[in-house]
Amino acid sequence: MRSVVERLDKKACLFAVFLGVVCSVGLFCSLTAEITGDNSPGILWKNDVMVFARTLYYSLSADRLRTGLTAFAAAVLIYVAGRCSRTGKEKISALAFGIIFAVAQLIAQSYKNADSWHLLLDTPVNICRALLRGTAYVILFYYLTAIIREFAGQILEQRTRERRIPARKIFFATVALLFLCWLPYLVIFYPGTGNEDTVIQMMEYYKIPSYIQTMSPMPDGFTYMTNHHPYLLTLLFGAFFDLGLALGDIRIGIAVYTVLHMLFQASVFAGCLQYLRRVGVREKRVRAITLLLMLLPIFPLYAICMVKDTIYSAFCLICILMLYEMARTKGKVLESLKFDLIFGVIALLMILTKVFAMYILILVGIGMMIVYRRHLLRVAVMVFVPVLLYQGVFLQVVLPACNVAPGGRQEALSVFFQQTARYVTEYGDEVTEAEREAIDAILPYDELEELYNPQLCDPVKREFRQDSTSEELTEYFKVWFEMFRKHPDVYVEAFLNNTYQYYDINKQSDLEYYRFDEFLQEEDEEGEYTALYVRHPKSFETARYVIHQVVLAIQKTPLLNIFTSLGMLPWIMIFFLLYNLWRGRRRDLALLAIPFLTIAVCLVSPDNGNSRYVMPMFYLLPFLFVLELLPGRDEREDEREILPVEIKSMEEEGERI
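Residue indices follow the written sequence of each chain, beginning from 1 at its first position. This being a predicted model, a pLDDT of at least 70 is required before a residue's local features are given, and a value of 80 or more before pairs of side-chain atoms are given or counted; all residues contribute to the totals for chains, interfaces and linings. In computing side-chain values, all of the structure's heavy atoms are included and hydrogens and water are not.

**Overview of the nonpolar core**
Counting residues in each nonpolar core, the largest one holds 126 residues, and the members touching the most others are F269, M326, F343, M350, M368 and F623. Starting at the N terminus, helices and strands are each numbered in turn, a helix being any DSSP run of H or I of at least four residues and a strand any DSSP run of E of at least two. When residues of this core are assigned to their parent elements, the largest contribution, 14 residues, is made by helix α14 (residues 308-328). Here, residues are in contact when the closest pair of their heavy atoms is within 4.5 Å. Beyond its immediate sequence surroundings of up to four residues, M368 is in contact with L323, M326, F343, V379, M382 and V383. Only buried residues count toward a nonpolar core. Its members are Ala, Val, Leu, Ile, Met, Phe, Trp, Tyr and Cys residues joined through side-chain atoms within 4.5 Å. Here the term buried applies to any residue with accessible area under 20% of the maximum for its type, exposed to any over 50%, and partly exposed to those in between, with areas from a 1.4 Å probe on protein chains only. Core analysis: the second largest hydrophobic core is formed by 30 residues, Y79, A102, A136 and A146 among them.

Next up, the structure:
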């Protein structure tokens, strides 16, 4: 023991202890504590300094055991991290992103408790408490990234053996294994789950009015169908609804769909696992990912869910790995016509299942054209032809021919509408008559204050006047800009209040669905649509509740919550961005393009902290970790590069697991 102590760097040890204490004090410093009494008899609070000191005292935690253990753990982490070598650029970038991380978490906590940033800035005490908490976050982020980088670097030093391509039966065995592990969830949640959007699609299919019809411009001959939710998926879901009704119970049709959907999801994951083997990922790591897909509840619960996002996420995962393959082969794979066609089809399917995928693909396509200039024409065709087919053929020809209403313009304007609603709520007495008229031509002005929900744009967005003209919209934006000049802070606060949960690492939410949404039944108290109401068996009610609680518990479990925490996703992506830049692994940035664009979409989305919007990132996470830990080409030059287009037949290759 004495020899261990002697080997310690005493100065570094004292410095680590000091920072550990700072971290502990900051982490457990309450942002909301108020003075509840005084234990200083005979002293009157005569000035602000005394009030400040007393309030700050009440902000600090009195739990000595908790703060002491945290200080010790933080000191150990800081001391170990200080032994890790990092360049000056790596230290500066870690510090910069640590500050960004701290600011983001403070904003999230302030809006969570007060719907405003005033919890951080209102008084000197608030500012002091925020600085204490923020300093702790910065220190932990700075040193934790050093340890993770060192650990990952040691893993990268292990050489990866070249492997043969798995036999076809391994693919089918993996599909069967995943399906069997997910099957109990189908039994417990029979016939499957779905959210409100799924029920709205059911209502559209059976010509039952809903609020969606008020959110789309109505063409002549309109018959309830809209493209607000993907039209082709509405038809697909409707076919299975019809099947169930024809067999006497709509649940039968939904169950058939769920089984096919489980097989589809299992096939996508099995194919992606095969790809990991092709690029040299060790079998142990592939098996670890397989276990996660089998046992972590988030994946089977998505597999049994009838919702557009699960289908889109599967296509998105394939697209991300294809982008990685382009980067891995330095664009050589683009010379394969088969690869180009598959990518184009996947891109089109992404757009047809999620409209905003079109904008993501356009930005990705521009980046691809810059990086792969030698294959400019191929890239342009495989990315932009699907976009043109959707815009020019599907929207302009197919939908009008089927009397289907397009999605409303308000989907792209929700952020602006939310800012206007908050402005009217806080500064309605400053709005002029001309400004009021310009707003009222687009939104019902008198209802905005009542409709405004700081974390959800839908109540305001639904009231968009579909018959408004382009000229009226132009006038609205002039007023929007004038209001921004008067009170820019209101617009910033409206934006932050509607987005903070996407980067709040403490965000606790239901990531999955545990029932088939009851929106339709709730809308019809007389039971007119009973045949369309999807009930779950009461015999498994307890099991459903237990699974729900298990998922919530996993969100609180270290390490496992990495795969189930919505608010941690952007920070994981930022870490891998820094990690790749630090190690010069620019190839792997291809894995992060769509995730970062997805985060950007979330920040302008109508709903704060909606897990459906980041579902593709949950699908990607297991594969992202192992691919990021795979050595680059310069670290395994003695290994032969394996391209999908060079794969021989399974019979010629033989079988090897």
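**Side note on unusual backbone geometry**
A cis amide bond links Y190 with the next residue in sequence, P191, at an omega value of 5°. In this fold, P191 is placed in the loop between α8 (168-188) and α9 (196-205). Although it is not a glycine, K330 adopts a positive phi angle of roughly 55°. Residue position: K330 is located in the loop between α14 and α15 (337-353). Residue class for K330 comes out exposed when judged on its relative accessible area of 63%. Despite not being glycine, L559 shows a phi value in the positive range, around 75°. Looking at where L559 falls in the secondary structure, it is placed in the loop between α25 (541-554) and α26 (569-583). Residue classification places L559 among the exposed positions, given a relative accessible area of 66%.

**Let's talk about a nonpolar patch on the surface**
Patch membership needs two things, relative accessible area over 30% and no salt bridge, and members are linked within 9 Å if like-charged or within 5 Å if nonpolar (Val, Leu, Ile, Met, Phe, Trp, Tyr). Per-residue accessibility takes into account occlusion by the displayed protein chains alone, with areas from the Shrake-Rupley method and a 1.4 Å probe. The term salt bridge refers to a pairing of a side-chain nitrogen on Lys or Arg with a carboxyl oxygen on Asp or Glu at a separation within 4 Å. A cluster of nonpolar side chains, L377, V381, V385, L389, V393 and V397, forms an exposed patch at the surface whose accessible area comes to about 500 Å². The class of L389 is partly exposed, set by a relative accessible area of 38%.

**Quick notes on the packing of aromatic side chains**
For any two aromatic rings, the description comes down to two numbers: the centre-to-centre distance and the angle of the planes. Two rings from Phe, Tyr or Trp (for Trp, the six-membered ring) form a pair when their centres are within 6.5 Å of each other. A pair whose planes differ by under 30 degrees is stacked, one over 60 is edge-to-face, and the rest are tilted. Evaluated as defined, the whole model comprises 35 aromatic pairs. Measuring from centroid to centroid gives 5.4 Å for F240 and Y257, while their planes differ by 70°, and the two rings are edge-to-face. Highlighted residues: F240 in helix α10 (residues 231-246) and Y257 in helix α11 (residues 250-278), separated in sequence by 17 residues. Considered together, F240 and Y257 belong to a single accessibility category, that of buried residues. Taking 5.2 Å as the distance between ring centres and 85° as the angle between the ring planes, the aromatic pair formed by F416 and F477 counts as edge-to-face. Linking F416 in helix α18 (residues 414-427) with F477 in helix α22 (residues 470-486), this pair joins segments that are 61 residues apart in sequence. Residue F416 is classed as partly exposed on the basis of its relative accessible area, which comes to 26%. The aromatic ring of Y79 is capped on one face by R83, whose charged end is 5.0 Å from the ring centroid. A positively charged side chain is recorded as over a ring if its NZ (Lys) or CZ (Arg) lies within 6 Å of the ring centre. The angle to the ring normal must also be within 35 degrees.

**Observations regarding α22**
Residues lying three or four places apart along an α-helix face the same way, a consequence of the helix completing one turn every 3.6 residues. The first and last C-alpha atoms of α22 sit 25 Å apart over 17 residues, in line with the 24 Å expected at 1.5 Å per residue. Burial in α22 covers these residues: L473, Y476, V479, W480 and M483. Buried residues of α22, viewed axially, fall in a sector of 120°; they line one side. For α22, the exposed residues lying more than 90 degrees away from the buried face are E471 and R485. In this fold, the buried residues of α22 make contact with α18, α19 (433-440) and α23 (488-497). A helix is expected to reach a length of 1.5 Å times the quantity of its residues less one. Arc definition: it is the arc formed by the directions from the helix axis to the C-beta atoms.

**Structural notes on a negative patch on the surface**
Neither His nor the chain ends contribute to the count of charged residues, in which Lys and Arg are positive and Asp and Glu negative. Where a charge lies is defined by one atom per residue type: Lys uses NZ, Arg uses CZ, Asp uses CG and Glu uses CD. Together, E447, E449, E450 and E463 line one region of the surface with negative charge. In this structure, E449 sits in helix α20 (residues 448-451).

**Re the confidence of the model for the protein**
Note that predicted coordinates carrying low pLDDT should not be read in detail. A residue's pLDDT is simply how confident the predictor is in it, with values from 0 to 100. On average, residues of the protein carry a pLDDT of 84, and 88% of them reach 70 or more. Residue range residues 1-6 is modelled with pLDDT below 50. Its contacts to residues more than four positions away, or to other chains, number zero contacts.

**Things to note about empty space enclosed by the protein**
Each cavity reported here is a set of points on a 1 Å grid over the protein atoms alone in which a 1.4 Å probe fits but cannot get out, each pocket an open set with protein on both sides within 12 Å along at least five of seven lines, and each lining residue one with an atom within 4 Å of a point. Grid points are joined across faces, edges and corners, and a volume is the space filled by probe spheres set on the points. A full pass over the atoms with the stated rule returns three cavities of 30 Å³ or more. Taken as a whole, the second largest cavity spans an internal volume of roughly 50 Å³. In terms of lining residues, the second largest cavity is bounded by S414, V415, Q418, Q419, C457, A494, F495, N498, T499, L603 and S605. Per element, the largest residue contribution to the lining of the second largest cavity is four residues, and it comes from α18. Looking at side-chain class alone, the lining of the second largest cavity contains five nonpolar, six polar and no charged residues. Only Asp, Glu, Lys and Arg are considered charged in this grouping, and only Ala, Val, Leu, Ile, Met, Phe, Trp, Tyr, Cys and Pro are considered nonpolar; every other residue, Gly among them, is considered polar.

**Brief notes about α25**
Taking 1.5 Å per residue, 14 residues should reach 20 Å; α25 reaches 20 Å between its end C-alpha atoms and fits that length. The set of residues buried in α25 consists of R544, I547, H548, V551, L552 and I554. Along the axis of α25, the buried positions cluster into a sector of 165°, meaning they face one direction only. Set apart from the buried face of α25 by more than 90 degrees, the exposed residues are T542 and Y545. Among the structural elements, α8 and α13 (298-303) are those in contact with the buried residues of α25.

**Some remarks on the pattern of salt bridges**
Pairing is possible between side chains of opposite charge, provided their charged atoms come close. This model, assessed by the stated rule, comprises 19 salt bridges. K112 is paired through a salt bridge with D504; the nearest N and O atoms lie 2.7 Å apart. Of the two residues, K112 sits in helix α5 (residues 88-114) while D504 sits in the loop between α23 and α24 (519-523), which places them 392 residues apart along the sequence. On the basis of relative accessibility, which here comes to 41%, the residue K112 falls in the partly exposed class. Two residues, R515 and E518, come together in a salt bridge whose shortest N-O distance is 3.4 Å. A residue is classified by how much of its surface remains accessible, and R515, at 39% relative accessible area, is partly exposed. Accessibility expressed as a relative area gives 25% for E518, which makes it partly exposed. Among the charged side chains, a salt-bridge network with shared partners connects D197, K308, D309, K354 and R612.

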